[in-house]
Amino acid sequence: MLSERAGRIKPSPTLAMDAKAKAMKAGGFDIVNFGVGEPDFDTPDNIKEAAIKAIKDGFTKYTAVGGIEALKDAVIEKFLKDNHLQYKREEIIVSCGAKHSLYNIAQALFSPGDEVLIPSPYWVSYPDQVLLNDATPVFIRTNEADSFMVKPEVLASHITGKTKALILNSPSNPTGLTYDRRTLERIAEIVLRHDLFVISDEIYEKLTYDGFAHISIASLDRAVKAKTIVVNGLSKSYAMTGWRIGFAAGPAGIIKAMTTIQSQSTSNPTSIAQKAAVEALTGPQDFIQIMRTEFDRRRKFLVAELNAVPGMRCLTPTGAFYAFPNTSALYGKSFDGTEISSSSDLALYLLEQARVALVHGGAFGDDSHIRLSYATSVEEIKKGVGRIKEAVQRLS
Ligand SMILES: *Cc1c(COP(=O)(O)O)cnc(C)c1O
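Parameters at a glance
- Residues numbered from 1 in each chain as written.
- Predicted model: local features only at pLDDT ≥ 70, side-chain atom pairs only at ≥ 80, totals over all residues.
- Heavy atoms only, no water.
- Axes fitted to C-alpha atoms, helices over the stretch in contact; angles between N-to-C directions.
- Helix = DSSP H or I, 4+ residues; strand = E, 2+ residues; numbered from the N terminus.
- Left-handed = near helix turned anticlockwise from the far one by under 90°.
- Contact = heavy atoms within 4.5 Å.
- Nonpolar A, V, L, I, M, F, W, Y, C, P; charged D, E, K, R; others polar.
- Buried < 20%, exposed > 50% of the residue type's maximum accessible area, 1.4 Å probe, protein only.
- Pairing = 2+ DSSP bridges.
- Right-handed = clockwise from strand over helix to strand, strands pointing away.
- Core = buried A, V, L, I, M, F, W, Y, C linked by side-chain atoms within 4.5 Å.
- Domains from an automatic or database assignment.
- Parallel < 35°, antiparallel > 145°, perpendicular 65-115°, else oblique.
- Polar contact = N/O pair within 3.5 Å; in protein donor to acceptor, adjacent residues only side chain to side chain.
- Near = heavy atom within 4 Å.
- Areas by Shrake-Rupley, 256 points an atom, 1.4 Å probe, with all protein chains shown as cover.
- Salt bridge = Lys/Arg side-chain N within 4 Å of Asp/Glu carboxyl O.

On to the packing of helix H2 (residues 45–56) against helix H10 (residues 271–282). Interhelical geometry of H2 versus H10 gives an angle of 140° and a closest axis separation of 8 Å. As for how H2 packs across H10, the hand of that crossing is right-handed. Within the contact between the two elements, H2 uses Asn-46, Ile-47, Ala-50, Ala-51, Ala-54 and Ile-55 and H10 uses Ile-272, Lys-275, Ala-276, Glu-279 and Ala-280. When the residues that make up the contact of H2 with H10 are grouped by side-chain class, the tally is 8 nonpolar, 1 polar and 2 charged.

Here is the structure:
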């Protein structure tokens, strides 16, 4: 009855885990939730006020499909200020979240038979969006020794005559790690040599630590910029996940195709949210610094605590709000005669026996790890890791 296409994909495992944790919480269980993929901060008041004003002013009708000019201009300003990237209005599209921008890109670029390179571990939606658009995801393994950055020579070895694009995500969800300039330069060289597109998801750009400055691959030079579609949005930087505003910048021909696709699917992003987005991008920015400082404090605390759990080993993330400890030393151990042999076994064990929700690494294509979000208070982190430690010590 359903289409063949519908059978190719699965529900987002991170959203599924979050729903499960929330359901247990609603059922009266005291759950520490490390599963969340959104800031626990409230959207700043100045942004909310702009939305309320938009409603009162009657700014409640259809807008231009790819976003109002004031918002496109604010996005252009943001790229110039933050990334030294210069775009025109026809090189910008505003969508219903960064995920929607990514989906439009997949629709505009991929054809049956195309191969799309995805460094693994990866954000859960990349492979499924590629599959939904009749192309084939090709995974490139990365590992802790390289801080989860794709090695240029390994990237080159995965390129075939069918390769169409590479999806990059820095700072990364789930690893929390960030690409350095030298590695980006070497990747850009290979991408240009093979005439590939780069889809660069920079949604965590504002959340970096230890003095690390985010670098957009598109900013390296004109040639790379001409082959890159940069994706970003307001969800993470301004705690606006529910508002659904994301955007993309790239070659005018691609942006135009994405806009046509958007015109036949969702039409414009919500008019009210667009007004709020203008305020977010052009109003006071101190909120970001406050949020970042708090995330940084939690990051240090969580990583130190995780490294004190026997059998866990965690790199220090330099971006986003996730810790991604290696838990493979725990596999093979048992509880009550049941063996823990994978990241999903471990996640289930910790949910049931420690009342701690987190996402198993398998969801991101890496079974040796688990992902913990620190978008929760230090008190909760302390309580949650204490429970994890205790539950892990019960394994034999
Ligand atoms: C949260 C997230 C997105 C999607 O953000 P929205 O703008 O809310 O759609 C995209 N990419 C990554 C890596 C994310 O973690």
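After that view of the structure, there is still more to cover.
This next bit is on the pairing of strand E6 (residues 197–201). The buried fraction of E6 is high, at 5 of 5 residues. Here E6 shows two buried faces, one formed by Phe-197, Ile-199 and Asp-201 and the other by Val-198 and Ser-200. Examined bridge by bridge, strand E5 (residues 163–169) and E6 share 5 bridges and lie parallel to one another. Counted as the bridge partner of Ala-165 is Phe-197 from E6. In this region the chain leaves E5, passes through helix H7 (residues 181–193) and returns to the parallel neighbour E6; the handedness of that crossover is right-handed. Bridge count for E6 against strand E7 (residues 228–233) is 4 bridges, and the pairing is parallel. Its bridge partner lying in E7, Ser-200 is registered against Val-230.

Moving on, we get to the nonpolar core. Judged by nonpolar contacts, the single largest core of 106 residues is most densely connected at Phe-34, Phe-79, Phe-110, Ile-199, Leu-234, Leu-358 and Ile-388. Counting residues per element, this core draws most heavily on helix H11 (residues 286–307), at 7 residues. Taken together, domain 1 (6–42 + 287–393) and domain 2 (50–282) each give at least three residues to this core, which thus spans both. Among the nonpolar cores identified, the runner-up in size contains 21 residues, and Ile-140, Leu-155, Ala-188 and Val-191 belong to it.

Moving on: the packing of H11 against helix H13 (residues 378–393). Relative orientation and spacing of two packed helices are given, respectively, by the angle between their axes and the distance between those axes. It is at 10 Å that the axes of H11 and H13 come closest, and there the two elements cross at 10°. As far as their axial angle goes, H13 and H11 are roughly parallel. Taken together, the residues of H13 that come into contact with H11 (itself represented by Glu-294, Arg-297, Arg-298, Phe-301, Leu-302, Glu-305 and Leu-306) are Val-378, Ile-381, Lys-382 and Val-385. Taken together, the residues of the contact of H11 with H13 break down into 6 nonpolar, no polar and 5 charged.

Along the chain, Thr-142 turns up in the loop between strand E4 (136–141) and helix H6 (152–157). Within polar-contact distance, the side chain of Thr-142 engages the backbone oxygen of Ser-120 at 2.9 Å. Residues contacting Thr-142, with those up to four places away along its chain left out, are Pro-119, Ser-120, Pro-121, Phe-148, Met-149 and Val-150.

The ligand sits among 13 residues. The nearest are Ala-98, Asp-201, Tyr-204, Ser-235 and Lys-236. For the ligand, an oxygen atom lies 2.6 Å from a polar atom in the side chain of Ser-235. Arg-244 places a polar side-chain atom, nitrogen or oxygen, 2.7 Å from an oxygen atom of the ligand. In the complex, the protein chains occlude 94% of the 390 Å² of accessible area that the ligand would expose alone.

Counted under the stated rule, the structure contains 25 salt bridges. Two residues, Lys-151 and Asp-146, come together in a salt bridge whose shortest N-O distance is 3.0 Å. The structure contains a network of salt bridges with shared partners spanning Asp-30, Glu-380, Lys-383 and Arg-387.

Spatially, the 7 strands line up as an open sheet ordered E2-E8-E7-E6-E5-E3-E4, and their pairing is mixed. Of all the strands in the sheet, the pair left with one neighbour each is strand E2 (92–95) and E4. Taken pair by pair, the neighbouring strands of this sheet meet at an average axis angle of 20°, ignoring direction. Of the pairings in the sheet, the one linking E7 to strand E8 (residues 246–249) comprises 4 bridges and is antiparallel in character. Of the residues in E8, the one forming a bridge with Val-231 is Ala-248. Of the strands in this sheet, E2, E7 and E8 are in contact with helix H3 (residues 69–83), which crosses E2 at around 115°.

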